[in-house]
Amino acid sequence: MPKENSMTAFYNDESLPAPVSDYWQQRRRFANNIRALQERIQTTKLSIEDLETLNLALENQLQSTPDAPKLEGRQAWTDAEEFGDFGTIHTEITSIVGPSNPITPGLSIWFKDEQAFAKVTFNWMYEGNKNIAHGGWIAAVFDEFLGTAQVLSGKTGMTGTLSVSYHKPTPLNKELRLTSAIKFADDRKTRVVAEMWAGDVKTASAEGLFITPSKKNADFLGG
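Rules of the game
- Residues numbered from 1 in each chain as written.
- Predicted model: local features only at pLDDT ≥ 70, side-chain atom pairs only at ≥ 80, totals over all residues.
- Heavy atoms only, no water.
- Buried < 20%, exposed > 50% of the residue type's maximum accessible area, 1.4 Å probe, protein only.
- Helix = DSSP H or I, 4+ residues; strand = E, 2+ residues; numbered from the N terminus.
- Pairing = 2+ DSSP bridges.
- Contact = heavy atoms within 4.5 Å.
- Salt bridge = Lys/Arg side-chain N within 4 Å of Asp/Glu carboxyl O.
- Core = buried A, V, L, I, M, F, W, Y, C linked by side-chain atoms within 4.5 Å.

(A) The arrangement of the pairing of strand β2 (residues 115–120) in detail. Of the two faces of β2, the one lined by Ala-116, Ala-118 and Val-120 is fully buried and the one lined by Gln-115, Phe-117 and Lys-119 carries no buried residue. In the sheet, strand β1 (residues 108–112) pairs with β2 via five bridges, with the strands oriented antiparallel. Within β2, the residue paired with Lys-112 across the bridge is Gln-115. Here β1 hands over to β2 after two residues, with Asp-113 in that stretch at a positive phi of 50 degrees.

What follows is the structure, encoded as structure tokens:
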């Protein structure tokens, strides 16, 4: 298991860990409300008048949002030194798994017995072909999951390649389970594989190669 810190502690259990502060509790609450609104509008036969009313309310809300300083990017949030360390910021607002990010499909990842597992349920917001999950979202979930699982090798890196195979249609509104295994690791490269299951049906599998940046590239990226 990786050495525990604020980031790896987020992946200790199958259930979503409690927020580290009241601030992040409110950010999660906001994200949940936005997601619920998105799905309700997506799945409700609204009239033009209904939509106009909603749009006016949202536009008024946007205009009344406090003119507070902007924090663009995770590093800016970390540098503000008010909201937690980089691990807290990353796990809260990253796009695929962060519970404070409204676009996340609710992916949950955890470590157990030197292996990474995950679960996710795609609702109607993630529909591709009729009644099945969009393949792009499946790939995004695999990228996040494999990228997290790589820490079991003792290092982290960025996605070099990602290959996804779609075996069966992945259903919407059904809990999906993911498993992973590290196939190869050396000083800079880690190869991880994973499968996605809907009950006893394997719907997709993936393989990712993750590369630890060289010092030159790390300097370029500000690392």
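Having put the structure on the table, let's press on.
(B) Molecular detail of the side chain of Asn-101. Summarising the element assignment, Asn-101 is placed in the loop between α4 (86–93) and β1. Contact partners of Asn-101, with chain neighbours within four places excluded, come to Ala-31, Arg-35, Glu-92, Ile-93, Thr-94 and Ser-95.

(C) Up close: the pattern of salt bridges. By the definition in use, this model includes six salt bridges. With its nearest N and O atoms 3.4 Å apart, the salt bridge here joins Glu-14 to Lys-119. Of this pair, Glu-14 sits in the segment before α1 (22–42) while Lys-119 is found in strand β2, placing the two residues 105 residues apart along the sequence. A relative accessible area of 28% means that Glu-14 is categorised as partly exposed.

(D) Region of the structure containing the nonpolar core. Counting residues in each nonpolar core, the largest one holds 31 residues, and the members touching the most others are Leu-107, Phe-122, Val-141, Phe-142, Leu-178 and Met-196. At the level of secondary structure, the elements contributing two or more residues to this core comprise β1, β2, α5 (135–149), β4 (176–185), β5 (189–198) and β6 (201–211). In terms of residue count, α5 provides more of this core than any other element does, six residues in total. For Phe-122, the residues in contact, after removing those within four places along its chain, are Pro-105, Ala-133, Trp-137, Ile-138, Val-141, Leu-172, Asn-173 and Leu-176. Core analysis: the next-biggest nonpolar cluster, separate from the first, contains five residues, Trp-24, Trp-77, Ile-89 and Ile-93 among them.

(E) Fine view of the side chain of Ser-180. Position of Ser-180 relative to the elements: it lies in strand β4. The exposure class of Ser-180 is buried, given its relative accessible area of 5%.

(F) Up close: unusual backbone geometry. Even without being glycine, Glu-114 reaches a positive phi, approximately 60 degrees. Along the polypeptide, Glu-114 turns up in the loop between β1 and β2. By relative accessible area, Glu-114 is classed as exposed at 51%. Despite not being glycine, Asn-131 has its phi angle at roughly 70 degrees, a positive value. Positionally, Asn-131 belongs in the loop between β2 and α5. Taking the relative accessible area as the measure of exposure, Asn-131 reaches 46% and is therefore partly exposed.

Honestly, that's just the spatial picture; any functional story needs more than this.
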